[in-house]
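Okay, here's what each chain looks like letter by letter:
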Amino acid sequence: MTADFAIGIDLGTTNCVLAYANLTAEKADVQLLDILQLVAPNTIDQKKSLPSFLHLGMSSDAESGTWNLPWEQARTYAVGEVARRQSADLPQRTISAAKSWLCHSKVDRHGAILPWNTPDDVQKLSPVTVSRRYLEHLVAAWKGEFPDSPIADQHVVLTVPASFDASARELTREAALAAGLPESLVLIEEPQAATYAWLDNQGDHWRKQLQAGNQLLVCDVGGGTTDLTLVDVVDEMGELQLRRRAVGDHLLVGGDNMDLTLAFYVSQLFKEQKNIDLDPWQSVSLWHACRAAKEALLAEDGPETFPVAIPGRSSRLIGGTVAVDVNREAVSDLLVNGFFAACQLSDKPTRQRSSGFQELGLPFETETAVTKHLAAFLARNANEGSASAQPSHVLFNGGVFKAAKLKARLLQQMADWFADAPRELDGNRDLDYAVARGAAFYAWNKHNGGIRIRGGAARSYYIGIETAGLAIPGAPRPLSALCVVPHGMEEGSQTDVPGDGIGLVVGERATFRFFSSVVRKDQPGQRLQHWSEDELVETDSMEAELTKTDGMEDDYVPVRFESKINELGIFELWCVHTESDARWKLEFSVRDDADV
Amino acid sequence: MGRIGLALKVLFSGAFAKQVATIGAAPAIAHVPAERKPVEPPKPVRSDAVTLLATLQREARLLDFFKEPIGDYSDAQIGAAVRDVHRMTNDVLDRMFAIQPLLDGVEGSTVNVPGDADAGQYKFTGNVGDRRPDSGELMHHGWRATKCDLPKWTGAGDSALVIAPAEVEVKGS
C-alpha cells in the first residue's frame, strides 16, 4: 500500500508530540495531530501533546470504565494529561520520566521497576513497556483521525536524544515496533530534528544565513536533559551541505532542575516571610507556579517582581491562597549562578564521586552548570590547530529558552570565550513542537527529496576482550577494548574489523562487554589497553549463541568481527568464522520481560 | 466559502465543521490521501454546560472562586488568588472556543455596517432611526467563538451532574 503521510514523533521525557505532512502535496506542510486523550476521569479531550506520564489505576477502575477510551474499554491505566494531573495526587501510582530510565544501563530496562521506589503492592512496569504504551496511544489517536491511512504503511520517523547510545536506541525501537510502528521506522537525533524544523521554517532562505565554514551549535535543553550537537556547514561541489560533527554526553540536567531549584528558594521565602510550611500537595502547585514565574521574570522585558500564589486545596480558594512576591534579580542570580555560571573555556565539569553505598536511582548530574558542560563539549571537539570548536551560529531548542535571559546568558558566555561571538539563527521558533515538526519534515524530504544533514555514527563502539595471560585467582583478567565501529561510520555501510581472530567456544553463549565513546576517534581494529573512565562508557553487553554447524570440528573457533549500519541507522554486529561461512549476530543482552 | 458556510463553521462543533468543509471536495487524482475522519464522539449523557463548568473548575478553580463569600477578604488577598484563576480561565476559553473580537476595528473609531450583515452581529445604540444604520462609532468590538471543542464525558448515571468530585486523602504509609 502507498504511504500517504510523512510522520514525525517526538517521544519526549515529559511530552510526546506527533506531526505529519501529506506526501503528495507540492510542499511539506507540517501539521500537529490533535491527540485524543483523557484529561480527567471519564473526560476526553484533544491536545497537541500527550504528557509522558502513566497512571496506574485501582483494579476497580476497570469495571467503572474510568479510563475508557474510544478504542479500548475496561482499562486499568491511563496515559497523557490525566496521568500528569494525577502525579500530584497519587505520586506512588504515577510513572514519569520513563525515557531517562531507558538509557540508564545500570538497571534492567525490561524489568518492572517503575514507579521507582514505591511499595510492592503497586503494580510496576518496565521503562520499555511504559514507552510502548505512550506510542500505542499515539498510534490509536492517529487511527482515530486517519482510519484509512494505517500508521504501519506511512513513512514514520521517531526522535531520540543525540546522546542515546546504540542500546538505548535499540530499546526505543523495540518499544516502537511493539506499539505498531512500521519496520521501516527511522530514528533521528532530536537536535537534528530541531535543525530540520528551522530549515523548514526558513525554506531556501537558510543558505543566506549560513555559509561554508560556519559551525552551528544546537543547544537543546529540555525538561530533563541537555543535548548538545555540533553541525558543520560545508561546500560539496558547489552545494551547501550540513554535516553533523559531534554530539555530547547524556546529561541529566534540564529545565525541571531549574524549576525545582526555584521552588526550593520560593518555599524558603514562604517560611521566612509568612511562616508557612508548604505541604507536598502544595509543592506541586509551587513547582508549576515557579515555572510560570521563571518564564515571566526572565522574558525580554520582564517585570521587576512576580507574585507566586499557591491556592488552598479546599473549596475555600481565596482564604486558602498564600502568596509571595519573587524578585527578578534574585531569580536571575539563582538560575544563572546555578546553571549558567560564568566559566573558562578550559573548565571541566566537576564530577563528585560519592563514596560508599549510593542509592541506585537516575544518575543526575552532580555538575549543574550547562556552561561547563558546553565548554567541555567544545574543547573535546576542537577545530584543528585550536583549543576548541568555535561555533559561529547557535540554534536553541527546548522549553527552558522561553526565558530569553537564559539564551542571552549562553550567547554572552560564548562571546567571552571567542573573538567572534556566535549569533543566534534568525527565524521563528516553536520551542515545544519543533522536534516533532522537524522529524516530519525530514521524513517528507527523505521521500520527496530535499536537504539532509549527514553525519553517520555519533560514537565509536568497542568490544571488551579479555586478554590472554596467566589467570590470577580472584582477579579478573585484564580487559582490552577493540574498536568495531569508527566515529562517523556512514549509514548503509559495513566494516570488516581487521585483526587476529578471537577464540570462542562453540555451543556456548558468548558474552562481550560493550563500550561507546564520544571522545575517541579510533579506527576499526585498534585495540586499547588503557582508557580513562571519561573516554569509554560501558553500556549493555552483547551476546550470541554459537551454534555448531557441519564441518566444524573443533569446539574452539577463531572469529573476527563485522559491523554494519543499515539505511535506517540500525546497528548490527556479527561474529564471522575466519575459516568458514558460519556467522552469528550479536544482540544486546535481553532479559525476560517481567511485567508482561 | 460564502457567508452561510462561514456561519456554519463558526456555529457548529469542530467535528461537524470539518465534515461541512470537506463536502464537495471531489477527488482529482487517482491516489487521494484519506481525509481526516473525526472519531465518532461517545454518546453524550450529560449537558455540555456541566462539562464546561467541570473543566473551568478542574483547570482554573472557577467555581471555588465564585462560590466563596468574599466580603471579609481584603482586595490584596482576593487579588493574589484571582491572578491564576484569571490566567487559567482565559487559557481554557481560548482552547475551547478560540475567542476572537467580532470586528477588527479599533474601539472609538468609525465603522461601516454592511447592508447584508446578520442582525445578530450588531447592536445599535443612541440616535437610531427607522432604517438600519450603515455606520457609527465602535463602542465594543464584540466577541465570537471561532470553534467549539468541549471535552467529551464518558461517564454514566448519577455522576452526570457532578462538577467536581469530593477529594478524600488516605493517610498512613
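Residues numbered from 1 in each chain as written. Chains lettered and ligands numbered in written order. Predicted model: local features only at pLDDT ≥ 70, side-chain atom pairs only at ≥ 80, totals over all residues. Heavy atoms only, no water.

### Section: the pairing of strand S4 (residues 35-40) of chain A
Each regular strand carries side chains that alternate between the two faces of the sheet. Residues and elements named next belong to chain A. Of all 6 residues in S4, 6 are buried, a share of seventy percent or more. Sheet analysis places S4 next to strand S5 (residues 43-47), joined by 5 bridges and oriented antiparallel. Bridge pairing in S5 links Ile35 to Lys47. Counted between consecutive antiparallel strands, the loop separating S4 from S5 contains 2 residues, among which Asn42 sits at a positive phi close to 60°. (Buried < 20%, exposed > 50% of the residue type's maximum accessible area, 1.4 Å probe, protein only. Helix = DSSP H or I, 4+ residues; strand = E, 2+ residues; numbered from the N terminus. Pairing = 2+ DSSP bridges.)

### Structural notes on the interface of chain A and chain B
Opposite the 37 residues of chain A that make contact, chain B presents 33 residues. Taking both partners together, chain A and chain B bury about 3,200 Å²; carbon and sulfur atoms supply 51% of that area. Where chain A touches chain B, the interface holds 3 salt bridges. Residues B:Glu167 and A:Arg313 are paired through a salt bridge, measuring 3.6 Å at the closest nitrogen-oxygen approach. (Contact = heavy atoms within 4.5 Å. Buried area = accessible area lost by both parts, 1.4 Å probe. Salt bridge = Lys/Arg side-chain N within 4 Å of Asp/Glu carboxyl O.)

### Details of helix H5 (residues 166-178) of chain A
Residues and elements named next belong to chain A. Here H5 is 13 residues long and its end C-alpha atoms lie 18 Å apart, about the 18 Å a rise of 1.5 Å per residue gives. Looking only at H5, the buried set comprises Ala166, Ser167, Ala168, Arg169, Leu171, Thr172, Arg173, Ala175 and Ala176. Count one or two residues on from H5 and you reach Gly180, which has phi positive near 105°. (Expected span 1.5 Å × (residues − 1).)

### Comments concerning the sheet that holds strand S5 (residues 152-153) of chain B
Spatial strand order, S4(A)-S5(A)-S5(B): 3 strands in an open sheet with antiparallel pairing. The sheet is open, and its two borders are formed by S4 of chain A together with S5 of chain B, each paired with just one other strand. With 2 bridges connecting them, S5(A) and S5(B) associate as antiparallel partners. When the bridges of S5(B) are listed, A:Ile44 appears paired with B:Lys152. Strands in contact with helix H2 (residues 81-89) of chain A are S4 and S5 of chain A; relative to S4(A), the strand with the most contacts, it is inclined by about 30°. (Axes fitted to C-alpha atoms, helices over the stretch in contact; angles between N-to-C directions.)

### Brief notes about the nonpolar core
All names here are of chain A. Counting 50 residues, the largest nonpolar core has Leu286 and Trp417 as the members making the most contacts within it. Excluding anything up to four places from it in sequence, Trp417 contacts Cys343, Gln344, Leu345, Thr371, Leu374, Ala375 and Leu378. If you look at the next biggest cluster of nonpolar residues, it comprises 47 residues, including Ala98, Leu102, Leu135 and Ala141. (Core = buried A, V, L, I, M, F, W, Y, C linked by side-chain atoms within 4.5 Å.)

### As for the sheet that holds strand S9 (residues 94-96) of chain A
Residues and elements named next belong to chain A. Here 3 strands make up an open sheet; going across it, the order is S8-S7-S9 and the pairing antiparallel. Lying at the two open borders of the sheet, with one neighbouring strand each, are strand S8 (77-79) and S9. Each strand axis lies, on average, 15° off the axis of its neighbour in the sheet, ignoring direction. The sheet contact formed by strand S7 (residues 53-56) and S9 spans 3 bridges and is antiparallel. Following the sheet pairing, His55 is matched in S9 by Thr94. In the packing of H2 onto the sheet, the strands contacted are S7, S8 and S9, and the crossing angle to S7 comes to about 70°.

### Description of the side chain of A:His393
In this fold, A:His393 is placed in strand S17 (residues 393-397). Side chain to side chain, A:His393 and A:Ser392 meet in a polar contact 2.9 Å long. (Polar contact = N/O pair within 3.5 Å; in protein donor to acceptor, adjacent residues only side chain to side chain.)

### Observations regarding empty space enclosed by the protein
All names here are of chain A. One pass over the structure, following the stated rule, counts 2 cavities of 30 Å³ or more. Counted as a void, the largest cavity has a volume near 40 Å³. Elements that contribute at least two residues to the lining of the largest cavity include exactly helix H3 (98-102) and strand S10 (155-160). Split into classes, the residues belonging to the lining of the largest cavity amount to 4 nonpolar, 3 polar and 1 charged. Considering only enclosed or pocket space, the second largest cavity measures out at about 30 Å³ in volume. (1 Å grid on protein atoms, 1.4 Å probe; cavity = no way out; pocket = protein on both sides within 12 Å on 5 of 7 lines; lining within 4 Å. Points joined across faces, edges and corners; volume = space filled by probe spheres on them. Nonpolar A, V, L, I, M, F, W, Y, C, P; charged D, E, K, R; others polar.)

### Topic: the packing of aromatic side chains
All names here are of chain A. One pass over the structure, following the stated rule, counts 18 aromatic pairs over all chains. Look at Phe5 and Phe146: their rings are 4.9 Å apart centre to centre, the planes differ by 55°, and that puts the pair in the tilted class. You can see Phe5 sitting in strand S1 (residues 5-11) and its partner Phe146 sitting in the loop between helix H4 (127-145) and S10, a full 141 residues away along the chain. There is no split in this pair, since Phe5 and Phe146 are both buried. Ring geometry for Phe514 and Phe588: centres 5.8 Å apart, planes at 70°, overall edge-to-face. Of this pair, Phe514 sits in strand S24 (residues 509-517) while Phe588 sits in strand S29 (residues 583-588); the two residues are 74 residues apart in sequence, bridging distant segments of the chain. Classification of Phe514 as buried rests on a relative accessible area of 0%. (Phe/Tyr/Trp six-rings, centres within 6.5 Å; stacked < 30°, edge-to-face > 60°.)

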